[in-house]
Number of protein chains: 2
Amino acid sequence: MYRSHTNGELRQSHLNQDVTLSGWVQKSRDKGFIIWVDLRDRYGITQLVFDAERTPAEMMEKARKLQREFVIQIQGKVIERESKNNSIPTGNIEVLVEKLIVLNESKTPPFTIENETDGGEDLRMKYRYLDIRRNPVKDKLVFRSKVSMEVRKYLSNQDFVEVETPYLIKSTPEGARDFVVPSRMNAGQFYALPQSPQTFKQLLMVGGMDKYFQIVKCFRDEDLRADRQPEFTQIDCEMAFVEQEDILQTFEGLTKHLLKEINGIKVEDFPRMTYDDAMQTYGNDKPDIRFGMQFAELNEVAQHKDFNVFNEAELVVGIAIPSCASYSRKELDALVKWVQRPQVGAKGMVYVKFNEDGSFKSTVDKFYNQEDLAQWAEKTGAKPGDLIAVLSGEKNTTRAQLSALRMEMGNRLGLRKPSEFAPLWVVDFPLLEWDEETKRYHAMHHPFTSPKAEQIPLLATDPAAVKANAYDLVLNGNEIGGGSIRIHDKATQAQMFDYLGFTEEEAKAQFGFLMDAFQYGAPPHGGIAFGLDRLVAILGGQESIRDFIAFPKNNAGRDIMIDAPAAIDEKQLAELHLAKVEKK
Amino acid sequence: MYRSHTNGELRQSHLNQDVTLSGWVQKSRDKGFIIWVDLRDRYGITQLVFDAERTPAEMMEKARKLQREFVIQIQGKVIERESKNNSIPTGNIEVLVEKLIVLNESKTPPFTIENETDGGEDLRMKYRYLDIRRNPVKDKLVFRSKVSMEVRKYLSNQDFVEVETPYLIKSTPEGARDFVVPSRMNAGQFYALPQSPQTFKQLLMVGGMDKYFQIVKCFRDEDLRADRQPEFTQIDCEMAFVEQEDILQTFEGLTKHLLKEINGIKVEDFPRMTYDDAMQTYGNDKPDIRFGMQFAELNEVAQHKDFNVFNEAELVVGIAIPSCASYSRKELDALVKWVQRPQVGAKGMVYVKFNEDGSFKSTVDKFYNQEDLAQWAEKTGAKPGDLIAVLSGEKNTTRAQLSALRMEMGNRLGLRKPSEFAPLWVVDFPLLEWDEETKRYHAMHHPFTSPKAEQIPLLATDPAAVKANAYDLVLNGNEIGGGSIRIHDKATQAQMFDYLGFTEEEAKAQFGFLMDAFQYGAPPHGGIAFGLDRLVAILGGQESIRDFIAFPKNNAGRDIMIDAPAAIDEKQLAELHLAKVEKK
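The rules behind these values
Residues numbered from 1 in each chain as written. Chains lettered and ligands numbered in written order. Predicted model: local features only at pLDDT ≥ 70, side-chain atom pairs only at ≥ 80, totals over all residues. Heavy atoms only, no water. Helix = DSSP H or I, 4+ residues; strand = E, 2+ residues; numbered from the N terminus. Least-squares fit on C-alpha atoms with pLDDT ≥ 70 in both. Contact = heavy atoms within 4.5 Å. Buried area = accessible area lost by both parts, 1.4 Å probe. Salt bridge = Lys/Arg side-chain N within 4 Å of Asp/Glu carboxyl O. Polar contact = N/O pair within 3.5 Å; in protein donor to acceptor, adjacent residues only side chain to side chain. UniProt positions renumbered as here; feature names shortened; annotations may be inferred. Buried < 20%, exposed > 50% of the residue type's maximum accessible area, 1.4 Å probe, protein only. Domains from an automatic or database assignment. Pairing = 2+ DSSP bridges. Axes fitted to C-alpha atoms, helices over the stretch in contact; angles between N-to-C directions. 1 Å grid on protein atoms, 1.4 Å probe; cavity = no way out; pocket = protein on both sides within 12 Å on 5 of 7 lines; lining within 4 Å. Points joined across faces, edges and corners; volume = space filled by probe spheres on them. Parallel < 35°, antiparallel > 145°, perpendicular 65-115°, else oblique. Left-handed = near helix turned anticlockwise from the far one by under 90°. Nonpolar A, V, L, I, M, F, W, Y, C, P; charged D, E, K, R; others polar.

## Describing unusual backbone geometry
All names here are of chain A.
Part 1 of the reasoning: Note the cis peptide between A564 and P565, where omega equals 0°.
Part 2 of the reasoning: In this structure, P565 sits in the loop between α16 (532-539) and α17 (570-575).
Part 3 of the reasoning: A positive phi angle, near 75°, is found at N16, a position not held by glycine.
Part 4 of the reasoning: Within the secondary structure, N16 sits in the segment before β1 (18-30).

Put into structure tokens, the structure is as follows:
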């Protein structure tokens, strides 16, 4: 038996007990006549003491040689500490060592195994197994495990069945970002790894499974943006005989359960906002509603003077930034520069200081008088001391730019508190979106998303106006889940394919067996999928998902610890009836 | 709202309530003035009634047109049935329909959606989404979900952390059966799908995760034997600071928990048997101990006469088959033929009838007298009425042949009861096994399996005799789990690689980063992995795993529902810098 207790377990109630402990040497302090060693495992730290008065000289010598990250086992007696350490739960006791065994030595680790390490990102990733020993990383993985378990408990209690869908599936013509897997047994043929189990969960509904969920890896071979992974985890769910309201209720319940069990927070019923309102009020379909700075459209009160920049704009829109009227000229110039960065892309920015004395000072005083600016203040809800920022131009672009500024100011002003949670349903997404490249409409969600029944006739006259039974769950400015009610009847599906410009053959090629399945009594159904990596990070109060993944890949899709992907044997390729083609 | 209740919910306590139900038409009986419809969903069946006296003529007509597997929604009143059906929980009531909506029609399904279907295996697989509607399949998937959940509950309660390890890993030179995944972003390079997360779970132990588990898909691209799948699910576990005993206790606890929660069965502490004993007593390292017929080695009592077949054999071994002395000559001839089938491969079989009157009648009466045969009876534990079957030849081959016969007779005699559970630990597996092809020793489990400490010196003199800290959990004649204590120190590892004939370079190439990791303080650790597909099947009292997998592949590794694997676009291949090579 390697241990009688873990290193996070011993308290004053254990005083005078003989214990056996195992773990890693976190650090040691050698005061000559006394040596303290912090012994660490997943559960905590216990202070060991070797004391020349009570410890044999030979063991003192052995203890003196212990280095960081050595793995040791000790036997000893729990005694009271002279100087207590209130910052750790075991801080009232220490263990006077009577027997010391070195289970394994360790080279000096390439970075310190401390909460704050001196190791850079790349080094930490290369030695991820050492990085995981650090509390901040270890805690996040334990946290993730807890979230997954609570998800499963909640959904199981609601009669959901976790069904494992296959990983070796079929590549579809639209699957441009599929990872493919050559088969040896069926040489010359390929499986594909699923980008999501979408088809299978719909088949499970056709199969009467009624309530399905799965926590499942999904795969996408695409150019990675920061904080995306080629393999990622989804909480995938689908329900039969439901309307949108049933789904929102069920998964609002799940999210409340998580916030309560994981974060100890009770939240009210989630507000709902239409996609149109979200775009108008926040310039964004995943608004962070932890703070205000809502958009005010100013066309009416800003397009009646000689300021052509505004007069020619499709949209003039502003926000009141709290308590920033005191910004210096330099700070304001920097802010204008910020919105002009390529990542934001505004041409310029008009601003109005709403001074504490009630007067206004703006960059457009030449065109607008105090009464005009007072109207802007009223519209944006600005108070004395606030700074009004106004952008103008094409509607969608301008909204996106102002949204970026709003989020930036939210961050700068500390309004995006990680410990505060503001969930929000965004509903009534457009069914279709126009694709400039192919000059046709694409399904915004996917081709089985159902249109609002009463708007189906609009498909013929104003397709862009048709809304879908599609919804996103937004938490603190992040989309954590999204889904839709699916089309389950042939007639609507045929209509949809028609509007999407699919011929019957194309539709068959892409969705053949799902369409076949739908002929045998598909029930009304719908679902949702949550991005677990993101969800866990946000519940953990963090922006980056990387540390919530045990062995993440870098932005080039590489695992630098195991050095994958890598070349493979010619022999292996030959067995797959494949050959390399040199890059041109 | 599509339903107020499920179809398994209504009881007499609901009488006179107005309800809304949805589901599939299981069948209808049209008696002219009255029409009964069985409405089905995942939860059960509710009988609907349309009655010309109370139902409008128009609705009678509509009801008359309902066909099998139509999806309908009804409103109606719960009434008492005239003729109760005690075989279903809703059998005391029926619902008098007041409103009928056809949600979706259905083509006639290709096989009947009944417990006993007329559909053959291939048809059922092609239309798996319909097969899943059948109770026997649906119930198995729900059962699997329950088993997985109980595994997670038990292990979480024991402080195990579920950590997701990557699916896109690296192919190793030994990974001959790896599925590989070409990367587009890193064109010309490949990931591999894991055959198991073995390396990663050991890295997690190095990383201090202490207790890890994961229910995870694994992949193996090999010629499939019956009832193997290219993708399969493992309950993968690893613990640090443990000895073999800790692991056996923990996972015996898990298995007991499952048998109790899932099967409602309390089992005693699991017996343990060494590998050597299992081979000697059952000819098999995964014996089914639900029944006897233990092997008796007869060399001593059968090699003293002129029967050369026995005299020249390395092993003469027999079993007493209960109550089969009454077998006719024809039946006995058939049994001899059975052991001579190529799948078993015995040259012949000697048998002895132990007649009820105490006399013996054997195929070798010419060589052995009644006293000789009485000795055989004593050794095999035969009683009057039993049949003694004796095989002879090379030790291992003969054991395997007699084991096959024992299992066959266990099946024929109904001794392998699906509702009975006899778990067993098989321990002390050999560390190495001799490979005739490469003329060297291979690790029987894997190269990190630790030898019994006291036997390490034997490696130099009698490698085959060295036992490992390796163990299998056997349930009803199936290996459901297996694992080992790992080598965690450099010295033993170097010694092992040496005996396995790895040069330092080869070892580095295959296990490089794991060996690197081990230099930074690897703790003592060990683990186990369970085959979930098999475990679930056995707990469910079945032999075949196929129906416990939602979308299984056939013996050629094909998913015949989605028709995968399949050819992919030349364009897709070109992006991966690959080209097809025509088969020769």
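## Here we look at the relation of the copies chain B and chain A
Part 1 of the reasoning: The transformation that overlays chain B on chain A combines an axial shift of 0.0 Å with a rotation of 180°, and the residual RMSD is 0.1 Å. In short, the pair behaves as if placed about a two-fold rotation axis.
Part 2 of the reasoning: The fraction of interface residues of chain B whose copies in chain A are also interface residues reaches 100%, indicating that both copies meet through the same surface.

## Brief notes about the interface of chain B and chain A
Part 1 of the reasoning: The interface of chain B with chain A comprises 124 residues on the first partner and 124 residues on the second.
Part 2 of the reasoning: By the criterion of area lost to chain A, the three top residues of chain B are E164, F241 and Y520 of chain B, representing 8% of everything that side buries.
Part 3 of the reasoning: At the surface where chain B touches chain A, the tally comes to 12 salt bridges.
Part 4 of the reasoning: Residue R177 of chain A is joined to E575 of chain B by a salt bridge in which the shortest nitrogen-to-oxygen separation is 3.7 Å.
Part 5 of the reasoning: Between the two partners, chain B and chain A, sit 63 residue pairs in polar contact (both at pLDDT 80 or more).

## Considering the UniProt feature "binding site: L-aspartate" (unreviewed entry) in chain A
Residue and element names in this part refer to chain A.
Part 1 of the reasoning: Here, the residues flagged by UniProt with the feature "binding site: L-aspartate" (unreviewed entry) are E174, R220, H445 and R486.
Part 2 of the reasoning: Among the structural elements, R220 can be located in the loop between β9 (211-219) and β10 (231-240).
Part 3 of the reasoning: Residue classification places R220 among the partly exposed positions, given a relative accessible area of 25%.
Part 4 of the reasoning: Aside from chain neighbours lying at most four places away, what touches R220 is R177, F179, Q195, R228, P230 and F232.
Part 5 of the reasoning: H445 gets classed as partly exposed once you look at its relative accessible area, which sits at 34%.
Part 6 of the reasoning: Those residues within four positions of H445 in sequence are excluded, and the remaining contacts are A470, G482, G483, S484 and R486.

## Brief notes about the domain arrangement of chain A
In many reports, interface size means the accessible area that the parts give up when they come together.
Part 1 of the reasoning: Considered domain by domain, chain A is made up of domain 1 (12-104), domain 2 (120-273 + 418-429 + 468-488 + 523-584) and domain 3 (291-412).
Part 2 of the reasoning: For domain 1 of chain A versus domain 2 of chain A, the separation of C-alpha centres amounts to 43 Å.

## Notes on the sheet that holds strand β2 (residues 34-41) of chain A
All names here are of chain A.
Part 1 of the reasoning: Pairing in this closed barrel of five strands is mixed, and the strands run β1-β2-β3-β5-β4 around the ring. The sheet shows a mean angle of 55° between the axes of neighbouring strands, taken without regard to direction.
Part 2 of the reasoning: Summarising the sheet, strand β3 (residues 44-51) and strand β5 (residues 93-104) pair through two bridges and their orientation is parallel. The residue of β5 that forms the bridge with L48 is V95.

## Remarks on empty space enclosed by the protein
Part 1 of the reasoning: Applying the stated rule across the entire model yields nine cavities of 30 Å³ or more.
Part 2 of the reasoning: Taken as a whole, the largest cavity holds about 350 Å³ of empty space.
Part 3 of the reasoning: Around the largest cavity sit 25 residues that line it, and R152 and I215 of chain A together with R152, E162 and I215 of chain B are the ones nearest its centre.
Part 4 of the reasoning: Looking at the lining of the largest cavity, the elements that each hand over two or more residues are α4 (135-157) and β9 of chain A together with α4 (135-157) and β9 (211-219) of chain B.
Part 5 of the reasoning: Taken as a whole, the second largest cavity holds about 150 Å³ of empty space.
Part 6 of the reasoning: Along the walls of the second largest cavity sit 18 residues, with E164 of chain A together with R144, K217, I549 and A550 of chain B positioned nearest its centre.
Part 7 of the reasoning: Of all the elements in the fold, those that place two or more residues in the lining of the second largest cavity are α4 and β10 (231-240) of chain B.
Part 8 of the reasoning: The leading source of residues in the lining of the second largest cavity is β10 of chain B, at three residues.

## Thoughts on the pattern of salt bridges
Pairing is possible between side chains that carry opposite charge, provided their charged atoms lie close to one another.
Part 1 of the reasoning: Enumeration according to the criterion identifies 95 salt bridges over all chains in this entry.
Part 2 of the reasoning: Here E162 of chain A makes a salt bridge to R152 of chain B, at a shortest N to O gap of 3.6 Å. Taken as a pair, E162 of chain A in strand β6 (residues 161-162) and R152 of chain B in helix α4 lie in two separate chains rather than in one. Grouping residues by exposure puts E162 of chain A and R152 of chain B together as buried.
Part 3 of the reasoning: As a salt-bridge pair, D428 of chain B and K452 of chain B come within 2.9 Å of each other at their nearest N and O atoms. In this pair, D428 of chain B is assigned in the loop between β17 (423-427) and β18 (432-435) and K452 of chain B in the loop between β19 (440-443) and α13 (458-461), connecting sequence segments 24 residues apart.
Part 4 of the reasoning: Each of E121, R124, R128, D131, R134, R546 and D547 of chain A takes part in salt bridges that share partners, so that together they form one network.

## Thoughts on the UniProt feature "binding site: ATP" (unreviewed entry) in chain A
Part 1 of the reasoning: Listed under "binding site: ATP" (unreviewed entry) in the UniProt record, and renumbered for this structure, are R220, D221, E222, Q229, E479, G531, L532, D533 and R534 of chain A.
Part 2 of the reasoning: Tracing the backbone through its elements, the reader meets D221 of chain A in the loop between β9 and β10.
Part 3 of the reasoning: The exposure class of D221 of chain A is buried, given its relative accessible area of 3%.
Part 4 of the reasoning: Those residues in contact with D221 of chain A, other than ones at most four positions away along the chain, are R177, D178 and F179 of chain A together with P182, S183, R184 and M185 of chain B.
Part 5 of the reasoning: Positionally, E479 of chain A belongs in strand β21 (residues 478-485).
Part 6 of the reasoning: On the basis of relative accessibility, which here comes to 42%, the residue E479 of chain A falls in the partly exposed class.

## Quick notes on the packing of helix α5 (residues 198-206) of chain B against helix α15 (residues 504-518) of chain B
Residue and element names in this part refer to chain B.
Part 1 of the reasoning: Between α5 and α15, the shortest axis-to-axis distance is 10 Å and the interhelical angle comes to 15°. When the axis of α5 is compared with that of α15, the two are roughly parallel. Crossing handedness for the pair α5 and α15: left-handed. On α15, the residues touching T199, Q202, L203 and V206 of α5 are F513, L514, A517 and F518.
Part 2 of the reasoning: Each residue belonging to the contact of α5 with α15 can be placed in one class, and the counts come to six nonpolar, two polar and no charged.

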